[in-house]
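# Chains, contacts and geometry: an overview
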Amino acid sequence: IPYGSLRSGIDTHVVIDDSIVRGTTMKESILRILDRLGPKRIVLASSAPQIRYPDCYGIDMAKLGDFVAFRAAIDLLKESHQTHIIDDVYRRCRESLNVNDRNVPNHVKAIFKPFDADTISAKISQLLSPVGINAEVTIVFQTIEGLHDSCPNHTGDWYFTGDYPTPGGNRVCNKSFINFVEGRNERAY
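A brief structural summary. (Residues numbered from 1 in each chain as written. Predicted model: local features only at pLDDT ≥ 70, side-chain atom pairs only at ≥ 80, totals over all residues. Heavy atoms only, no water.)

## Quick word on the overall build of the protein chain
For the protein chain, the helix and strand inventory stands at eight helices and three strands. Moving toward the C terminus, one meets the helices and strands of the protein chain in the order β-α-β-α-α-α-α-β-α-α-α. The dimensions of the protein chain, computed from C-alpha atoms along their principal axes, are 60 × 40 × 25 Å. Restricting to contacts in the protein chain with at least 6 residues of sequence separation, those with at least 24 account for 76%. Just so you have it, the protein chain exposes about 9900 Å², and 50% of that area is on carbon and sulfur atoms. (Helix = DSSP H or I, 4+ residues; strand = E, 2+ residues; numbered from the N terminus. Contact = heavy atoms within 4.5 Å. Areas by Shrake-Rupley, 256 points an atom, 1.4 Å probe, with all protein chains shown as cover.)

## Quick look at the nonpolar core
Counting 51 residues, the largest nonpolar core has Phe70, Val108, Ile111, Ile124, Leu128, Ile139 and Phe177 as the members making the most contacts within it. By residue number, the principal contributor to this core is helix 2 (residues 68-79), which donates eight residues. Dropping the residues within four chain positions of it, Ile124 is found in contact with Gln50, Val68, Ala69, Ala72, Ile139 and Phe141. (Core = buried A, V, L, I, M, F, W, Y, C linked by side-chain atoms within 4.5 Å. Buried < 20%, exposed > 50% of the residue type's maximum accessible area, 1.4 Å probe, protein only.)

## Side note on the packing of helix 2 against helix 3 (residues 83-95)
Put simply, helix 2 and helix 3 touch, their axes get as near as 7 Å, and they point 125° apart. The pairing of helix 2 with helix 3 is recorded here as oblique in orientation. Contact residues: helix 2 offers Ile74, Leu77 and Lys78, while helix 3 offers Thr83, Ile85 and Ile86. Among the residues making up the contact of helix 2 with helix 3, the classes are represented as four nonpolar, one polar and one charged. (Axes fitted to C-alpha atoms, helices over the stretch in contact; angles between N-to-C directions. Parallel < 35°, antiparallel > 145°, perpendicular 65-115°, else oblique. Nonpolar A, V, L, I, M, F, W, Y, C, P; charged D, E, K, R; others polar.)

## So, the sheet that holds strand 2 (residues 41-46)
The strand order across the open sheet formed by three strands is 1-2-3, and the pairing between neighbours is parallel. Here the strands that pair on one side only, and so sit at the sheet edges, are strand 1 (12-17) and strand 3 (136-141). Shown here is a sheet whose adjacent strand axes are inclined to one another by a mean of 15°, direction ignored. In terms of strand pairing, strand 1 meets strand 2 through six bridges, oriented parallel. Along strand 2, the bridge assignment pairs Val14 with Val43. Those strands touched by helix 1 (residues 24-35) are strand 1, strand 2 and strand 3, and its axis lies near 135° from that of strand 2. (Pairing = 2+ DSSP bridges.)

## Overview of the pattern of salt bridges
One pass over the structure, following the stated rule, counts nine salt bridges. The salt bridge partner of Arg91 is Glu95, with a shortest N-O separation of 3.1 Å. Of the two residues, Arg91 and Glu95 are both situated in helix 3; the distance of four residues between them amounts to about one turn of the helix. A relative accessible area of 39% means that Arg91 is categorised as partly exposed. (Salt bridge = Lys/Arg side-chain N within 4 Å of Asp/Glu carboxyl O.)

## As for the packing of aromatic side chains
How two aromatic rings sit relative to each other is set out by the distance from centre to centre and by the angle between their planes. Taken as a whole and assessed by the stated rule, the structure comprises seven aromatic pairs. Here the aromatic rings of Trp158 and Tyr159 are separated by 6.0 Å at their centres, their planes lie at 90°, and the arrangement is edge-to-face. Trp158 gets classed as buried once you look at its relative accessible area, which sits at 14%. Look at Tyr159 and you get buried, because its relative accessible area is 15%. Chaining the aromatic ring pairs together yields one cluster made of Tyr53, Phe70, Phe112, Phe177 and Phe180. (Phe/Tyr/Trp six-rings, centres within 6.5 Å; stacked < 30°, edge-to-face > 60°.)

Printed below as a string of structure tokens:
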């Protein structure tokens, strides 16, 4: 539904967005604007899957801590008392700094492994719901399988899957995680 055609008094507003990377605009303005129309529920559908990993091949998405899906997974690990996974991934990322690029896996995938996409989506909905709005917010994402069905034979999905086309991508992702844990607000490449 285009924003201009939304009317007040409707129980549910459904909005489609191309992607949700950081979620800042969604939280700070769009959801507040939609809530003023008085719906009981706002459903936001992202036509892209959850963006979980840095893109070092063109799009400026370099810092893991900026991604709302990553922040959701970290929060879920903390809430479920699985912070040992964060520590283990950090240790493995640090150890891989001195390994030849060809042999470096993407260790950050372990951060997402304990949770299915729906659990992470629910946490994202919670993280992006502004304080003080009345509507219930639900955010749903395109699935990886749905993306592959809609774009067959296209392998450019590394920022969703973490399956980088070059070993250097794994290194950048691991370095981005090290920067996150160490509190460095800098690019990994």
